[in-house]
Amino acid sequence: MAARGSCPGCGSAALVEDSHYAQQQLVCAACGCVLAEGLLTTTYAEEEHLREVAYSQSTGQKEQLSRCLQRGIRRVQDLCKVLQLPTVFEETAVSYVQRALQHPSFHLVSLEKKELLGGCCVFVTCRQHNWPLTMGTICSLLYAKQELFASVYLSLQKELGLSVPALSLADLVKTHLNSFRLFQHAADIPAPFVENKEKVVARTMQIVELASETWLVTGRHPIPIVTAAAFLSWQSLQPAARLACTLARFCKLAGVDLPPPAHLRLKELLEILLRMASQLAWLRVFNMDKKTVVKHIGDLLQHRIFLLKNAFCPEDEEEQRAAAPGEASPGSPGAAGGAAQGEGCPSGGKRRPLLPPCLINPRKRLRTAAPSASDSAITGEEPISDSEIEQYLRGPEEIRAFRKAQAW
Amino acid sequence: FKDDLSTSPQLFTPMSPYDVDLPIQTTEDVLFGSQFNQPKELPTDFSSVDLSFLPDITQDNKEQNLFEDGHEMQKELDGSTSNEDSSILTDESSLAYPDASQATEASGVCPPLTPMAPMTPVTPASESSGIVPQLQNIVSTVNLACKLDLKNIALRARNAEYNPKRFAAVIMRIREPRTTALIFSSGKMVCTGAKSEEQSRLAARKYARVVQKLGFPAKFLDFKIQNMVGSCDVRFPIRLEGLVLTHQQFSSYEPELFPGLIYRMVKPRIVLLIFVSGKVVLTGAKERSEIYEAFESIYPILKGFKKAS
């Protein structure tokens, strides 16, 4: 086997690779001059012998992966590390990213969206394992706009046919409350504000369950509800010291963001609690308002099943108009069953139907009239009068004036 | 999120059921009555049924009465468009709408029509919900088949706006029927906002007329309904969390993103937006009957979630 090059001694081109014992030597066949010996096959030597080693071939594992895929996988791995997820999650998420980036519909997607794909895969993995991760968290970690994330997430779900189970509120409560800072003493937190974490978590869960039973959760963003519930439960555990604290201050002390809808959720929760309080015999004597009811949240939660049944009439039964104040006895639902499917209750009535807030306070909307008979008689083939069309055309003077104004 | 409620021009077979609404209400009852005999066999819980094998609704059951409707089509076209219509048809169909069956059906007369299901009078089944979804928006496309000077149109028409930096089409509106059209320089036009198929057709013709009066040789080719949107109210609140659990393979409920549940029904292929208030929006239909059928399929499922805790 001839090697390349020429012998420095005699100039012959007949170079042979031979071995002296076990040592490889490059010898000139003509004069016997040894050109090189002890050549170990290193990458450098290979290159010296003019054999190019491509980068993709030399780094074994990554040789099949494109740069985009590598970046996606690295993003997923980083996210999993930051969120401290189990290794199983990382493997699943990486497999999703690979499937996604190799899917034809994601090939030509913008780089910005490809960046988000990694986050979406992590999000889907967490949801599938019932790990309560919100989109807000992922978006803030990726510095992504939520609308963009939403569109990438939905197309990912559709293209890969992933089934993503619903977010479990119970787990979300636990995770969200983990980030609250009020469970340990700190310099900026007044002593009476510090609270035992388990108690707060337990009571918050009960309030969130109550909210979901009374239609406050369906269709709404979960985090504001959890924040409002946490606030109420924290207040109710030591009302004397904490009633004066506002929701905003609570969030600041706890070190969490105050989501804007939280105030509305708080109002709705208090309204539900007030109605329940009106059914509790030993509370009826007091004039409850939204401050004082907080003191009795413990009792209300304890008897919530009974109170809910009595404070709210079933959705499809009509309210009895003549209900005397304070006399809505538990036995009346049967008597109140009317033929009409009344959802509204008279404002003065003691009970209101258990309905989502959007049905209780419908926003006034201008409803266009239902298609009239004359509309339905249109065949689509009617003759079109010239005058009708001409109303849409500009006259010549108008065109001139317009041209001048526009300076096209 | 690809599902755009108002304009989602999808490439599909043409359809002009303008003969449906003439015998107005009775036909509708008959329609969803006749379509509706099926739910007796359909399980109310879709999760136990494997529907993945079902094809989309195709031309198969709609190729009746083509020829008699074809004759009616001749009269409708304004100007002398009917002759060009038939000859250009096959070209147009291969260009814009790659549906092979359409080209073969073009019996040289007119765009093939897809009339509604046969009108055998049938009384609505007793499970009928009694609620009829109202059509809210119809999106249709038509080919004017001539190159248009958009700047010229915007200058000479009162009801047109044109901002080439923002969007490459003229946006034109007419008052009756209250609609909006996007007119492109290629001569293609999208008409949105009508409340019925006939209104959409009438509106599209009016836009074509306006363009004709502005001096362009506009025709009226390949009018097709691309999307229909309907809405209705079931009158009771719905537990969306429960619905997404039992119908997971069809539903997507992400309260962080959108307050409603997105239900992708397989047969008919309709997307429904279901809200906690009981309001339902149905979209993605090519025919009115699909909306009615979809609603009648979803109604028993929703009723199952009526009695909450």
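Residues numbered from 1 in each chain as written. Chains lettered and ligands numbered in written order. Predicted model: local features only at pLDDT ≥ 70, side-chain atom pairs only at ≥ 80, totals over all residues. Heavy atoms only, no water.

A. Examining the overall build of chain B more closely. Per the secondary structure count, chain B includes eight helices and 10 strands. Here chain B holds 309 residues, and 55% of them are scored as buried. For chain B, restricting intrachain contacts to residue pairs at least 6 apart in sequence, the fraction spanning at least 24 positions comes to 70%. Carbon together with sulfur atoms contributes 55% to the accessible area of chain B, which is approximately 13,000 Å² in total. (Helix = DSSP H or I, 4+ residues; strand = E, 2+ residues; numbered from the N terminus. Buried < 20%, exposed > 50% of the residue type's maximum accessible area, 1.4 Å probe, protein only. Contact = heavy atoms within 4.5 Å. Areas by Shrake-Rupley, 256 points an atom, 1.4 Å probe, with all protein chains shown as cover.)

B. Highlighting the confidence of the model for chain B. Residues and elements named next belong to chain B. With 58% of its residues at a pLDDT of 70 or more, chain B has an overall mean of 73. Segment residues 1–43 is flagged for pLDDT under 50; beyond a separation of four residues in sequence, or across chains, it makes 101 contacts in the model. Here residues 58–112 scores under 50 on pLDDT; set against residues more than four positions off or in separate chains, the count is 83 contacts. (pLDDT = per-residue confidence, 0-100.)

C. Representation of the sheet that holds strand S8 (residues 261–265) of chain B in the model. All names here are of chain B. Ordered in space as S2-S3-S4-S5-S1-S6-S10-S9-S8-S7, the 10 strands form an open sheet in which the pairing is antiparallel. Whereas interior strands pair on both sides, the edge strands pair on one side only; in this sheet they are strand S2 (160–162) and strand S7 (251–253). Strand after strand, the sheet turns through a mean of 15° between neighbouring axes, direction not considered. With six bridges connecting them, strand S3 (residues 169–174) and strand S4 (residues 179–184) associate as antiparallel partners. Across the sheet, Ala 169 pairs through a bridge with Phe 184, a residue of S4. Those strands touched by helix H8 (residues 288–303) are strand S1 (134–143), strand S6 (221–233), S8, strand S9 (270–274) and strand S10 (279–285), and its axis lies near 140° from that of S10. (Pairing = 2+ DSSP bridges. Axes fitted to C-alpha atoms, helices over the stretch in contact; angles between N-to-C directions.)

D. Summary view of the pattern of salt bridges. Applying the stated criterion across every chain, the model contains 21 salt bridges over all chains. For the salt bridge of Glu 398 of chain A with Arg 158 of chain B, the shortest nitrogen-to-oxygen distance reads 2.8 Å. Of the two residues, Glu 398 of chain A sits in helix H20 (residues 396–406) while Arg 158 of chain B sits in the loop between helix H5 (150–156) and S2, which places them in two different chains. Residue class for Glu 398 of chain A comes out partly exposed when judged on its relative accessible area of 30%. Each member of the salt-bridge network shares a partner with another, and the members are Asp 386 and Glu 390 of chain A together with Arg 209 and Lys 213 of chain B. (Salt bridge = Lys/Arg side-chain N within 4 Å of Asp/Glu carboxyl O.)

E. Structural context of the confidence of the model for chain A. The share of residues in chain A with pLDDT of 70 or more is 80%, and the mean pLDDT across the chain is 79. Low pLDDT, under 50, characterises residues 318–349 of chain A; the stretch is placed with 38 contacts to residues that sit more than four places away or in other chains.

F. Representation of the side chain of Arg 209 of chain B. Structurally, Arg 209 of chain B can be placed in helix H6 (residues 197–213). Among the polar contacts listed, one links the side chain of Arg 209 of chain B to the side chain of Asp 386 of chain A, at a separation of 3.5 Å. (Polar contact = N/O pair within 3.5 Å; in protein donor to acceptor, adjacent residues only side chain to side chain.)

G. Structural view of helix H5 (residues 111–128) of chain A. All names here are of chain A. If you check H5, its first and last C-alpha atoms are 26 Å apart, about what 18 residues at 1.5 Å a residue would give, namely 26 Å. Across the 18 residues of H5, 13 count as buried, placing the element largely inside the fold. Of the residues flanking the end of H5, it is Asn 130, one or two places downstream, whose phi is positive at about 60°. (Expected span 1.5 Å × (residues − 1).)

H. Seen up close, the environment of Lys 151 of chain B. Locating Lys 151 of chain B in the fold gives a position in helix H5. On the accessibility criterion, Lys 151 of chain B (48% relative accessible area) is partly exposed.

I. Structural view of the interface of chain B and chain A. Listed by partner, the interface residues are 52 residues for chain B and 61 residues for chain A. Across the chain B/chain A interface, buried area totals approximately 5,100 Å², and carbon plus sulfur atoms make up 56% of it. Summed over the three residues of chain B that lose the most area to chain A, namely Leu 155, Arg 158 and Glu 256 of chain B, the buried surface amounts to 16% of that side. Between chain B and chain A we count seven salt bridges in total. (Buried area = accessible area lost by both parts, 1.4 Å probe.)

J. Geometry of the packing of helix H3 (residues 67–83) of chain A against helix H4 (residues 87–102) of chain A. All names here are of chain A. Axis separation between H3 and H4 bottoms out at 9 Å; the angle between their running directions is 150°. Our classification of the angle between H3 and H4 gives roughly antiparallel. H4 is crossed by H3, and the crossing has right-handed handedness. Contact residues: Cys 68, Leu 69, Gly 72, Ile 73, Val 76, Gln 77 and Cys 80 in H3; Glu 90, Ala 93, Val 94, Val 97, Gln 98, Leu 101 and Gln 102 in H4. Grouping the amino acids of the contact of H3 with H4 by side-chain chemistry returns nine nonpolar, four polar and one charged. (Parallel < 35°, antiparallel > 145°, perpendicular 65-115°, else oblique. Left-handed = near helix turned anticlockwise from the far one by under 90°. Nonpolar A, V, L, I, M, F, W, Y, C, P; charged D, E, K, R; others polar.)

K. How the structure looks around helix H7 (residues 146–160) of chain A. Residues and elements named next belong to chain A. In this model, H7 (15 residues) spans 21 Å end to end at C-alpha, consistent with the 21 Å of a helix rising 1.5 Å per residue. Buried within H7 we find Leu 148, Phe 149, Ala 150, Ser 151, Val 152, Tyr 153, Leu 154, Leu 156, Gln 157 and Leu 160. A positive phi of about 60° marks Gly 161, the residue just after H7.

L. Region of interest: the side chain of Ser 140 of chain B. Residue and element names in this part refer to chain B. Looking at where Ser 140 falls in the secondary structure, it is placed in strand S1. For Ser 140, a relative accessible area of 1% translates into the label buried. Here the side chain of Ser 140 touches Ser 200 through a polar contact of 2.8 Å, side chain to side chain. For Ser 140, the residues in contact, after removing those within four places along its chain, are Met 189, Val 190, Cys 191, Ser 200, Phe 223, Lys 224, Ile 225 and Gln 226.

M. The arrangement of the packing of H3 of chain A against helix H6 (residues 135–142) of chain A in detail. Residues and elements named next belong to chain A. Relative to each other, H3 and H6 sit at 120°, their axes nearing to 12 Å. Handedness of the H3/H6 crossing: right-handed. Where H3 approaches H6, its residues Arg 75, Leu 79, Val 82 and Leu 83 are matched on the opposing element by Ile 138, Leu 141 and Leu 142. The residue inventory of the contact of H3 with H6, partitioned by class, reads six nonpolar, no polar and one charged.

N. Representation of the packing of aromatic side chains within the structure. All names here are of chain A. Applying the stated criterion across every chain yields a total of 14 aromatic pairs over all chains. Geometrically, the ring pair formed by Trp 234 and Phe 250 is tilted, given 4.8 Å between the ring centres and 45° between the ring planes. Here Trp 234 is found in helix H10 (residues 222–237), whereas its partner Phe 250 is found in helix H12 (residues 247–254), with 16 residues between them in sequence. For Phe 250, a relative accessible area of 1% corresponds to the buried category. Cluster of aromatic residues (ring-pair linked, three or more members): Phe 180, Phe 193, Phe 231, Trp 234 and Phe 250. Above the ring of Phe 402, the side-chain terminus of Arg 394 is found at 3.8 Å from the ring centroid. (Phe/Tyr/Trp six-rings, centres within 6.5 Å; stacked < 30°, edge-to-face > 60°. Lys NZ or Arg CZ within 6 Å of the ring centre and 35° of its normal.)

O. Structural view of the pairing of S6 of chain B. Residues and elements named next belong to chain B. When you tally the buried positions in S6, you get 11 out of 13 residues, the bulk of the element. In the sheet, S1 pairs with S6 via eight bridges, with the strands oriented antiparallel. Bridge pairing in S6 places Ile 138 opposite Met 228. The pairing of S6 with S10 spans six bridges and is antiparallel. Each residue of the ladder has a partner; that of Ser 231, found in S10, is Val 281.

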